[in-house]
Amino acid sequence: MNTLARSLTAALLGASTLTLAAAAPALAETVLRLDEVAVGELDPGKASDYADSILMFNVYDTLVIPAQGAPGHVPHLAESWSADGNTFTFKLRNDVKFQSGNPMTAEDVVFSLERMQALGQGLSYLFNVVESAEAVDENTVAFTLKEPYAPFIASMVRLPIVDKKLVMENLGDGDGEMKDWGQAFLSGNSAGSGAYTVSSHNPQQETVMEKNADYFLDIPDAAPDTVRLRYGLEPATVRTLISQGEHDISSQWLPPEVLKALADGGAQLLTESGTGGFYIKMNTTKPPLDDPECRMALVNAFDYASSIKMIAVTPDVSQGSPATGAIPVGMLGSNPPEDALTSDMDAAKKHMEACATAPEDFNLEVSWIAEVPLEERFALLMQANFAQLGVKSEIKKMPWALFAEQVSKPENTPHISQLFVNAVTGDPDTLLYGMYFSDAAGTWQSPEYLDDAEVDELLTQGRTITDEAGRAEAYKKLNERLMEVAPTIYGYDRQSVFAASERVKVPALSDPSKAFGLDGMGFTFRLMEMQEGS
Amino acid sequence: MSPVVRLLAKRLSISVIVLIGVSMLIFTIARVIPGDPARIALGPNATAEQVEQLRQRLHLEDPIWVQYGYFVRNLAHGDLGVSLYTNRPVLTDIAQFLPATLELVIVAGIFMVCLGMPLGILSARYRGRMADNLIRVVSLLGVSAPSFVWAVILMLLFAFFLPLFPIAGQISDTIPPPHRVTGFLLVDSLIDGNFKAFFSALHHIILPAFALALSGIGQAARLTRANMVETYDKPYIEMAESYGFAPRRIANKFAFRPSLIPSLTIIGLDFAAMLGNAFLVEAVFAWPGLSRYGVQVILRKDLNAIVGTVLVISAMFLIVNIIVDLLIAYINPRIRLANGGRT
Amino acid sequence: MKRTFVILASNPMSLFGLILVGVVVFSAVFADFIAPFPEHRGAVVDFTNFNQPPHWPNIFGTDLVGRDLFSRILYAYRISLMLGVVVLAIAVPIGVTVGLAAGYLGGWVDFILMRLTDVFLSIPPLVLAMAIMGLLEPTLTNGMLAVTAMWWPWYARLVYNVTRSEAQEGYVLAAQIIGASRLHIMFMEILPNCVPSIVTKMTLDLGFVILIASSLSFLGLGVQAPTPDLGSMVAEGGNYLPDSWWLTVFPSLAILIAVFGFNLVGDALRQVLGSDQ
């Protein structure tokens, strides 16, 4: 570098140090910076993935929220509720105001449900079971279900309440009475009652949120004043920003090596677990995997021990623990941790002999989702494992959008797909029904296209039996059946690991007695604590 | 009509024909390839009816020339359609992301001209000597790696191991960005009189712009040298030397000027190529430009956005080339004098 | 040919270039014998030795599933060179034919073919290839197709310019007078005169094809795992900077060395054959 360039660099460095120094005294306001890989969808009716959930849980409120450190749910916007057959009645708080200043009433709850159903996007399928919702009076709302659905209360954590009046004032172009249901407006603005308001939202870049001073609950002073949620940062960028003190919480999608490097550099590791797993799904309609024996051969050949080794971050923290079956340990119907699955080459070879197709005639398509680099390593692991059986396979990288399109037809669905699936409401029904019920096939969750009468029957029992013990029994049986028909290689029980700076404490993601047991809920900003003087 | 105006008119009309061709080409490519954009846009949980409705709305059921007709009709109203990925008009999206990309390319272009040409002049003046050989090797190295390799190497050296520059983004998080007037952060911060933001933006742009410029710098240096060496061999230089003109003056006046024209042409092409290479550098430095948008819309088969993005980038490409042609016309004494002689 | 080679070998810079090209081609062709772990070009996993910095016997370190990086780079050269050769083998004949036809026949043929060429030339090369590649499935064949689509217009331009000037030459007019067919004139009379500039450009381009192909795979549009590919190695390794630097640095240098070698040779060739631009 010549002298000119060097002095220019020096001048710039000087300038940036100056700006930092100048910014320091005004530190009364605390800023929390985090990132997510996916684009953030602000419209609560379309929220489905992790980034959307973080936005939804902070900008909007739901009638109930999961209890911390315990099963079950506690009142939130609702004061109390009661169930009578297929009717669920909620009594609402009367002191809640939306961020617009409008009071929250039963009308808003009805509107929120109808909007969700009309758009039919995101997690709206959770509410297909609802026949109608009715505002009994200002503060009472009644939901009538088409058929018995035991985990309905759990579903309510996925029904964000939208400010009807505000949305109706801002309808965009569209056909019919409701025009666009406020889609254009809600994709860039908030109409919630949540603890944080949206001050700017750019789906490709970042969403900036501010504390809502008029929130109906007290927000502790330690909660961050401003939150910046940035999208699509590269792992190397996040890694450096955190170690330079310019970023606070990473996404869960950092590779284990990067998390390890951060932990070695003094970052804390936050975890969220118990609601989902890593599922390696086999297309049961496509030969040779339409034969259960062939699937069992692969299930037994998979190297479970290496996969656990691959996701270990530090000796104490890992991105997952050994799987024991289709249901993650701790959830209703799961097996105990000591039943961990292991690979068994001899059994694999036996099943292979019983398989209708000879191994050399296999040509398996092993897909991996381009957005999740870790899956490429699993693809390679499988290719190596299956090669030990003499099975040939081909690795195929697929962007998420393309994958979601291809799985809508069984013949386009690859032989093997790798997916992280979790119970979106924390209840096993929302984990398993979408994956294995025969009529639910054709979505990203169900590339198995499983069609098994016994599985269907048990899944139906799980959602209709109302007593907890009976449900546990049904899921236990289901778990066994799912091991027999082997539509899936149950890779591992997933634990999300986030690297975070020392500037922030997140009890919900570090103290098991404060954990919500619902993905994304740990990112409730009002319960986070910014540390003084750092 | 003066020759310059005639040239401009000719170039503009050819550009329009070319742009129509580009739009047809990319329109066809985007549509003949399998994959259902409606299904991708609506996501995995949409019903078959919803997909069908969207297909109707997008005219995907019509023959391709009818679809192209709709496209042209909307384009005439300055409408490139709505992106299925962001649910916003494609033009709004592009207007949001293009300035950051252009800013990067322009700064890189400045590096290219201000570093590449002087290096070429030096090299030519000291041709055959140590300095010349060194510059030649370095500039050939510059051309020999894609910009993402330079981006990774520069990032590793000057952001990780020697943390002189920030590793990502366009401006520091702690600094409130200036009001958006032009979309160019460097310009907007100056309009605001916000020097903190200006220096932060400058600090952030140097590394990515340099990575983007490196191959251009090499190219510019090599061409300038080659053309100057050629003119150095011309008899009039020898004559100037024998008349006792200072070497510096010979270099500037007699050797550099004439060699400027061919260099400029190639520099124009390089500058335009940087519009494409910017995608690579943006990916490395998390630069909030058109790159991520472009890659995302391509992966999602977002037809309107793909056609719109490629069309706008091609238009930029053509505009740059026209500007270069005009510059050449202005510099070239034959054209300029012809102009003076006729009017 | 032999004379050209002697001239090239006598200049230290071009000699260096020849050596680099020789090394790259040699390692691509004989990768099976040179690579310490030839099986690592495919799906091999070794979780007892993954993500390790350079050490013996993995002189460039190991990747995230425990494969030897040095072996993989050698095999990646093979893929890159193959891609380069195939692309040029398709793009050059197309470009040359278009250029000859437009340049010699003139008139409407000229206008249409050259505007078509302009269309391709006015989409930034990388953007065009990305659009094609992103819409097709990312496989090696489609990668070649995408790069070919952006490459032929340059040859069309080059040959067009040469043809236009050659068409006025005496030998062409002579051939016309004795009644030679147009095809004969184009391919037997004019084409041989374009060869030096085509050959020079091809040498230079072999480097640039490698460069562009690696750019595409860097953006995630390249060949699929487990096939080793320099661009995707850099892209994937980039996620693990700065801790696992070897994952990006060695593939980056590998690209640099190969393209630099071809550029040195191409440059020298251009001077020897006296064909500029």
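Residues numbered from 1 in each chain as written. Chains lettered and ligands numbered in written order. Predicted model: local features only at pLDDT ≥ 70, side-chain atom pairs only at ≥ 80, totals over all residues.

Engineer: Got a minute to help me understand the overall build of chain A in this structure?
Structural biologist: The secondary structure content of chain A amounts to 17 helices and 18 strands. Relative to the compact-globule value of 24 Å for 534 residues, chain A shows a C-alpha radius of gyration of 24 Å, a close match. Along the longest, intermediate and shortest principal axes, the C-alpha atoms of chain A span 75 × 70 × 45 Å. Burial statistics for chain A: of 534 residues in total, 55% are counted as buried. Counting only contacts in chain A whose residues sit at least 6 apart along the sequence, the fraction spanning at least 24 positions is 70%. (Helix = DSSP H or I, 4+ residues; strand = E, 2+ residues; numbered from the N terminus. Rg over C-alpha atoms; globule rule 2.2 N^0.38 Å. Buried ≥ 20, exposed ≤ 12 C-beta atoms within 10 Å, placed from the backbone. Contact = placed C-beta atoms within 7 Å.)

Engineer: What is the right way to read the overall build of chain C from this model?
Structural biologist: A tally of helices and strands in chain C yields 11 helices and zero strands. If you list the helices and strands of chain C from N to C, you get α-α-α-α-α-α-α-α-α-α-α. Each principal axis of the C-alpha atoms in chain C carries an extent, and together these give about 75 × 45 × 30 Å. Per-residue burial over chain C gives 56% buried out of 277 residues. Restricting the contact set of chain C to residue pairs at least 6 apart, pairs at least 24 apart contribute 68%.

Engineer: Which parts of the structure should I look at to understand the nonpolar core?
Structural biologist: Taken as a class, soluble globular proteins show a tendency for nonpolar side chains to be buried jointly. Formed by 352 residues in total, the largest nonpolar core has its most connected members in Ala151(B) and Ala129(C). The leading source of residues in this core is helix α9 (residues 195–232) of chain B, at 20 residues. Those residues within four positions of Ala129(C) in sequence are excluded, and the remaining contacts are Ala146(C), Val147(C), Ala149(C), Met150(C), Ile212(C) and Leu216(C). (Core = buried A, V, L, I, M, F, W, Y, C linked by C-beta atoms within 7 Å.)

Engineer: Mind showing me how you'd approach the confidence of the model for chain C here?
Structural biologist: For any part of a model where pLDDT is low, the fine detail of the predicted coordinates should not be relied upon. Across chain C, the average pLDDT comes to 86, with 97% of residues at 70 or higher. Among the scores for the predicted complex, ipTM is 0.84 and pTM is 0.84. (pLDDT = per-residue confidence, 0-100.)

Engineer: Would you take a moment to explain the pairing of strand β6 (residues 130–137) of chain A for this structure?
Structural biologist: Two faces, one strand: in a regular strand the side chains alternate between the faces of the sheet. All names here are of chain A. Relative to strand β7 (residues 140–145), β6 runs antiparallel, the two sharing six bridges. By the bridge assignment for β7, Asp-137 is matched with Thr-140. What sits between the antiparallel neighbours β6 and β7 is a turn of two residues. (Pairing = 2+ DSSP bridges.)

Engineer: Could you clarify how one ought to interpret the sheet that holds β6(A) in this entry?
Structural biologist: Two strands in a sheet stick together by hydrogen bonds in their backbones, pointing the same way (parallel) or opposite ways (antiparallel). All names here are of chain A. Reading across the sheet, the four strands line up as β4-β5-β7-β6 and stay open at both edges, with antiparallel pairing between neighbours. The open sheet has two edge strands with one neighbour each: β4 (78–84) and β6. The mean inter-strand angle of the sheet, taken between neighbouring strand axes irrespective of direction, is 20°. Two elements, strand β5 (residues 87–92) and β7, share five bridges in a ladder whose sense is antiparallel. Residue Thr-87 lies in a different strand from β7, and its bridge partner there is Thr-144. Running over the sheet, helix α3 (residues 106–119) touches β5, β6 and β7 and is turned about 165° from β6. (Axes fitted to C-alpha atoms, helices over the stretch in contact; angles between N-to-C directions.)

Engineer: Got a minute to help me understand the environment of Thr144(A) in this structure?
Structural biologist: Residue and element names in this part refer to chain A. Along the polypeptide, Thr-144 turns up in strand β7. The spatial distance from the C-alpha of Thr-144 to the C-alpha of Glu-134 is 8.3 Å, given a sequence separation of 10 residues. Contacts of Thr-144, omitting those with residues within four sequence positions, involve Asn-86, Thr-87, Glu-131 and Ser-132.

Engineer: I keep staring at the interface of chain B and chain C and nothing clicks. Help me out?
Structural biologist: Size of an interface: often given as the accessible area lost when the parts come together. With 41 residues of chain B at the contact, the number on the chain C side is 36 residues. Put simply, the parts of the chain that give the side of chain B that touches chain C at least two residues each are α1 (3–32), α6 (130–143), α7 (147–161), α11 (247–285), α12 (290–299) and α13 (303–331) of chain B. Here the side of chain B that touches chain C gets nine residues from one element, more than from any other, and that element is α11(B). Residue classes in the side of chain B that touches chain C are distributed as 35 nonpolar, five polar and one charged. (Nonpolar A, V, L, I, M, F, W, Y, C, P; charged D, E, K, R; others polar.)

Engineer: For this particular structure, what's the right way to read helix α2 (residues 50–59) of chain A?
Structural biologist: Since the α-helix advances by 3.6 residues per turn, residues separated by three or four positions end up pointing in the same direction. Where burial is concerned, most of α2(A) is hidden: 10 out of the 10 residues are buried. Against β1 (31–36), β8 (196–202), β9 (206–211) and β10 (226–231) of chain A lie the buried residues of α2(A).

Engineer: Is there a simple way to think about unusual backbone geometry in this case?
Structural biologist: The linkage connecting Pro287(A) with the following residue, Pro288(A), adopts the cis geometry, with an omega of 0°. Mapped onto the elements of the fold, Pro288(A) is located in the loop between β11 (268–282) and α9 (292–301). With omega at -5°, the peptide bond leading from Leu241(C) into Pro242(C) counts as cis. Residue position: Pro242(C) is located in the loop between α10 (230–237) and α11 (246–273). For Trp181(A), which is not glycine, the phi torsion reads 55° and is therefore positive. You will see that Ala486(A), though not glycine, has its phi angle at about 45°, which is positive. If you trace the backbone, Ala486(A) turns up in the loop between α16 (468–485) and β16 (488–500).

Engineer: Explanation requested: the interface of chain A and chain B in the structure shown.
Structural biologist: The interface of chain A with chain B comprises 29 residues on the first partner and 31 residues on the second. Going through the elements one at a time, α1 (3–23), α7 (235–243) and α13 (400–406) of chain A are the ones with two or more residues in the side of chain A that touches chain B. Counting residues per element, the side of chain A that touches chain B draws most heavily on α1(A), which supplies seven residues. Split by residue class, the side of chain A that touches chain B holds 12 nonpolar, 13 polar and four charged.

Engineer: Sorry if this is basic, but what is going on with the pairing of β9(A) here?
Structural biologist: All names here are of chain A. Inspection of the sheet shows β8 paired to β9 by six bridges, in the antiparallel sense. From the neighbouring strand, Ser-200 faces β9, where its bridge partner is Val-208. In this antiparallel pair of consecutive strands, β8 and β9, the connection spans three residues. As paired elements, β9 and β10 share five bridges and run antiparallel to each other. Residue pairing in the sheet places Val-208 in a bridge with Arg-228 of β10.

Engineer: Where do I start with the sheet that holds β10(A) in this structure?
Structural biologist: Residue and element names in this part refer to chain A. Pairing in this open sheet of four strands is mixed, and the strands run β1-β10-β9-β8 from one edge to the other. Strands with a single pairing partner mark the edges of an open sheet, and in this sheet they are β1 and β8. Averaged over all adjacent pairs, the angle separating strand axes in this sheet is 20°, with direction ignored.

Engineer: Would you explain the packing of α9(A) against helix α11 (residues 345–354) of chain A in this entry?
Structural biologist: Two packed helices can be described by the angle between their axes and the distance between those axes. All names here are of chain A. Relative orientation of the contacting elements α9 and α11 amounts to 165°, with a least axis distance of 8 Å. Taken together, the axes of α9 and α11 lie roughly antiparallel to each other. Every pair of crossing elements has a handedness; the one defined by α9 and α11 is left-handed. When α9 is examined against α11, the residues Glu-293, Met-296, Ala-297, Asn-300 and Ala-301 are found in contact with a partner set consisting of Met-345, Ala-347, Ala-348, His-351, Met-352 and Ala-354. A breakdown of the residues in the contact of α9 with α11 according to their chemical character gives eight nonpolar, two polar and one charged. (Parallel < 35°, antiparallel > 145°, perpendicular 65-115°, else oblique. Left-handed = near helix turned anticlockwise from the far one by under 90°.)

Engineer: Help me out: how do you make sense of the environment of Ala258(C) in this one?
Structural biologist: Residue and element names in this part refer to chain C. Within the secondary structure layout, Ala-258 lies in helix α11. Between the C-alpha atoms of Ala-258 and Gly-17, which are 241 residues apart in sequence, the distance is 9.3 Å. In this view, Ala-258 contacts Val-24, Tyr-77, Ser-80, Gly-207 and Ile-210; residues no more than four positions away in its chain are not counted.

Engineer: I tried to follow the packing of helix α5 (residues 90–125) of chain B against α6(B) on my own but got confused; where do I start?
Structural biologist: All names here are of chain B. Two numbers describe how α5 lies on α6: the axes approach to 8 Å, and their chain directions differ by 140°. Here α6 runs oblique to α5, going by the angle between their axes. In the crossing of α5 with α6, the sense of the turn from one axis to the other is left-handed. Contact residues: α5 offers Leu-119, Leu-122 and Ser-123, while α6 offers Ala-131, Asp-132, Ile-135, Arg-136 and Ser-139.

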